[in-house]
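Okay, here's what each chain looks like letter by letter:
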Amino acid sequence: MQYTLKNINELRVADLKTVMRPAAAVRLIQGQSELGAKPNITNVTDFNVGTYDSVNNNVDQLSRHLETGNVVIVQSDPLDELSVLSSIGRLSTNLPEALSSKVKDLFVAVRSTSSINRAIPYELVSKQAAISSLAAEQQAKADANAVNKTVAHPSASRVNNPKANTANGSNGASTRPSNPYQSQYTPVVYYEINVEFAGQWPRNSASLFLEKTNEQDKAIARPRADRNLSHRSLSRFRNIDNEPRNLYLNIPDKNGSAPLQLLLAENIVPVEKDTEMDEWDNVLVPVRPLAYLDEGKNKANAAELKGGYLYLFWKGELWRELKVSERSYYQDVNLEKYRNVPAQQNSDNDSELRPADGSGLPDLWIPYKLNGQVQAGATGVKLLFWPTQLTDDQIDNYEATPADLDKYATELDGLSAYSQSQAFSDDQNVSDMLSNSLIPVTDNDMPWLGNATSLFGRLQNANIATAYLDGQNKGIRFKFEVGMEDYDHGHSTEYLAHLVDSKSQWQQTQLVTVVKDSHGTWRECVFYALPNQGEFSLYVVNPDNNYERSLILSDLDYAALAKSVPVDDKIVTVDELAQPDESKFAPDQFWDDYHDLLTQW
């Protein structure tokens, strides 16, 4: 099929059945641009849309013109499901006002009772032709009725009509045609739902979604920069009926499956078109998380995340789980699909308990205000970072025990500064992106922490928020030399490390992984989130030899433990390890952790 771009003032009656609805036209333009395909659209260059020349690529600008109805795409063949007008003359709903008005000016749907064409239920003709034709029919009927009355009662006609025989004609009937559509016209009131976003930023793949109702189809809208107010963007659902709608966050699947849709609010009431508000009743704030590098929680000592997982708890329940990529993008996990499902049944990818299939996002859209209610306190959002994926039991514990969650999570009530200043002040946990200055990380920092990315730089002037999280940088990295004998025989023994605090019930088991470029002779492991007070003992366990365990360090507090592991790491040879102290080894917890690790393997 071929397509033609036209300005709205170029439309003719003959085009009406083949004019694409704006949403379908935008998908066509953007899809061909993203795929790098040569557009099969006549005169596309007249609108300065080049898919090969990035300098002149104005796809977004053309998309905006299509969405407002000032520019349209005309198809070579009519398709009811994509056209603004169906074959029976029914006008599509939710059209931009400019396009809707133009279509109504151009045509009327004349019923088969009309003399213009009786062969089909409806025919599209110009409004002028339809009015002239139907007015002529009305006049002919009026003349015929007048003649019949005159013949039947000639004297009565003259007596009752003293103005007969005037210039208007001997029978007294008016020859002035009436507009048959004037009495049928009623003003149309258009409604819309507007969702406000803090800031103006580069476009990403997420969008908002209105759920389908019995009366209206679903609708999708993306944030666009507000041209009148530079501190915000707006997602507009235009030309909808005056009916409350449910609003969702719409996140594409990276594999092309059905998008992930997360409920934001129910029964949002539309407002009349062209309503303006200083701040709308529904506001989302894009947030870019950063991680503190130490317990001092100094914003000048923070870094980006390049690994681990983010957890958004909203109203006391886990709302979103996101994996942090090496490029510092965030990928959603479909929690509805994987919650309360045994881990071994979740995926063929054994390295994840719940795979992250969402498209990578540069920031997190946090619900700040919905239906006029600020989301804070018990209804607020808390953001948690964890280096490894939480188990179902851990998630259940955080939902059931808010005090445990508060030990590590960051509450985002500080986003309320947006209502006062349309920006973000230096709150305890929140600030604006512009005031951030990240410091370089070192080899002593945890592997999930990274340096500033180009993405961070692009967002600094966007008026979005930064949330500061516990980076779990208080950890210990151990390095072990396991010898050449295993490597020489082509077999690599898998070791486990178990760190236990004898003063509390805290314990942690980690895989001892192969150090890069070490030919399998060096291994390392990282422990994190250690208690502030405790006496720690470290064991290495060999599952290939009846879970034989050896003691590396014994009864050291955190300061001594850290001191015993300098920059060049703790180096030990497994064959020379001391015998373990059985009284300190915690077998029950070890086996629980070990089975969790097996699941993640």
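Keep in mind that this is a model prediction, so the values were computed, not measured.

## Quick word on the overall build of the protein
Within the protein one finds 13 helices and 32 strands. When contacts within the protein are restricted to residue pairs at least 6 apart in sequence, long-range pairs at least 24 apart make up 70% of them. Only carbon and sulfur atoms are counted for the fraction: they give 47% of the accessible area of the protein, which is about 30,600 Å².

## Notes on the pattern of salt bridges
This model, assessed by the stated rule, comprises 13 salt bridges. The residue Glu-67 makes a salt bridge to Arg-224 at a minimum N-O spacing of 3.2 Å. Taken together, the residues Glu-67 in helix H2 (residues 59-68) and Arg-224 in strand E9 (residues 224-225) connect sequence positions 157 residues apart. By relative accessible area, which is 33% here, Glu-67 ends up partly exposed. Close ionic contact of Asp-404 with Lys-407 constitutes a salt bridge, the shortest N to O distance being 3.9 Å. Here Asp-404 pairs with Lys-407, and both are found in helix H8 (residues 402-408), just three residues apart, close to one helical turn. Members of the salt-bridge network, linked through shared partners, are Glu-196, Asp-226 and Arg-232.

## A look at the side chain of Ser-233
Mapped onto the secondary structure, Ser-233 falls in strand E10 (residues 232-240). Of the polar contacts made by the side chain of Ser-233, one reaches the backbone oxygen of Gly-199; its length is 2.7 Å. In this structure Ser-233 touches Val-195, Glu-196, Phe-197, Gly-199, Gln-200, Pro-223, Arg-224, Ala-225 and Asp-226, once residues within four positions along its chain are discounted.

## Re the sheet that holds strand E18 (residues 330-332)
In a beta sheet, neighbouring strands are held together by backbone hydrogen bonds and run either parallel or antiparallel to one another. Spatial strand order, E18-E17-E16-E21-E22: five strands in an open sheet with antiparallel pairing. Either end of the sheet is taken by a strand with one partner, and the two such strands are E18 and strand E22 (410-411). Here strand E17 (residues 317-324) runs beside E18; their pairing, made up of three bridges, is antiparallel. Each bridged residue has a counterpart across the sheet, and for Leu-322 the counterpart in E18 is Asp-332. Relative to E17, helix H7 (residues 392-400) is tilted by about 135°, and along the sheet it contacts strand E16 (309-314), E17 and strand E21 (381-386).

## Thoughts on H2
What sets the pattern is the α-helix's 3.6 residues per turn: residues three or four places apart point alike. Looking only at H2, the buried set comprises Val-59, Leu-62, Ser-63 and Leu-66. Projected down its long axis, H2 carries its buried residues within an arc of 105°, all on one side. Two residues or fewer past H2, Gly-69 is found with a positive phi of approximately 85°.

## A few points about the packing of aromatic side chains
Tallied over the full model, the rule gives 14 aromatic pairs. Ring geometry for Phe-209 and Tyr-248: centres 6.0 Å apart, planes at 70°, overall edge-to-face. Within this pair, whereas Phe-209 is found in strand E7 (residues 207-210), its partner Tyr-248 is found in strand E11 (residues 245-251), the two being separated by 39 residues in sequence. With respect to class, Phe-209 is no different from Tyr-248; both count as buried. Measuring from centroid to centroid gives 5.0 Å for Trp-314 and Trp-319, while their planes differ by 70°, and the two rings are edge-to-face. Each of the two residues, Trp-314 as well as Trp-319, counts as buried. Every member of this aromatic cluster is reached through a ring pair, and the members are Phe-385, Trp-386, Tyr-408, Trp-448 and Tyr-528. The ring of Tyr-468 has Lys-299 lying over it, and the distance from NZ or CZ to the ring centre is 5.3 Å. The ring of Trp-314 has Lys-315 sitting right over it, with the charged end atom 4.7 Å from the ring centre.

## Comments concerning the pairing of strand E27 (residues 495-501)
Counting buried residues along E27, seven of its seven residues qualify, which places the element largely inside the surrounding structure. Residues Tyr-495, Ala-497, Leu-499 and Asp-501 of E27 are buried on one face, and the alternating residues Leu-496, His-498 and Val-500, pointing to the opposite face, are buried as well. Sheet analysis places E27 next to strand E28 (residues 507-514), joined by six bridges and oriented antiparallel. In the strand pairing of E28, Val-500 is matched with Gln-507. Taking the residues that link successive antiparallel strands as the turn, the E27-E28 hairpin has five residues. Of the pairings in the sheet, the one linking E27 to strand E30 (residues 536-542) comprises six bridges and is antiparallel in character. Among the inter-strand pairings, Leu-496 is bridged to a residue of E30, identified as Val-541.

## A look at the sheet that holds strand E12 (residues 260-268)
With antiparallel pairing, four strands are arranged side by side in an open sheet as E8-E7-E11-E12. For this open sheet the edge positions go to strand E8 (219-221) and E12, each flanked by a neighbour on one side alone. For this sheet the average axis-to-axis angle between neighbouring strands, irrespective of direction, equals 25°. Note: E7 against E11, four bridges, orientation antiparallel. Counted as the bridge partner of Phe-209 is Tyr-248 from E11.

Reading the values: rules and limits
- Residues numbered from 1 in each chain as written.
- Predicted model: local features only at pLDDT ≥ 70, side-chain atom pairs only at ≥ 80, totals over all residues.
- Heavy atoms only, no water.
- Helix = DSSP H or I, 4+ residues; strand = E, 2+ residues; numbered from the N terminus.
- Contact = heavy atoms within 4.5 Å.
- Areas by Shrake-Rupley, 256 points an atom, 1.4 Å probe, with all protein chains shown as cover.
- Salt bridge = Lys/Arg side-chain N within 4 Å of Asp/Glu carboxyl O.
- Buried < 20%, exposed > 50% of the residue type's maximum accessible area, 1.4 Å probe, protein only.
- Polar contact = N/O pair within 3.5 Å; in protein donor to acceptor, adjacent residues only side chain to side chain.
- Pairing = 2+ DSSP bridges.
- Axes fitted to C-alpha atoms, helices over the stretch in contact; angles between N-to-C directions.
- Arc of directions from axis to C-beta.
- Phe/Tyr/Trp six-rings, centres within 6.5 Å; stacked < 30°, edge-to-face > 60°.
- Lys NZ or Arg CZ within 6 Å of the ring centre and 35° of its normal.

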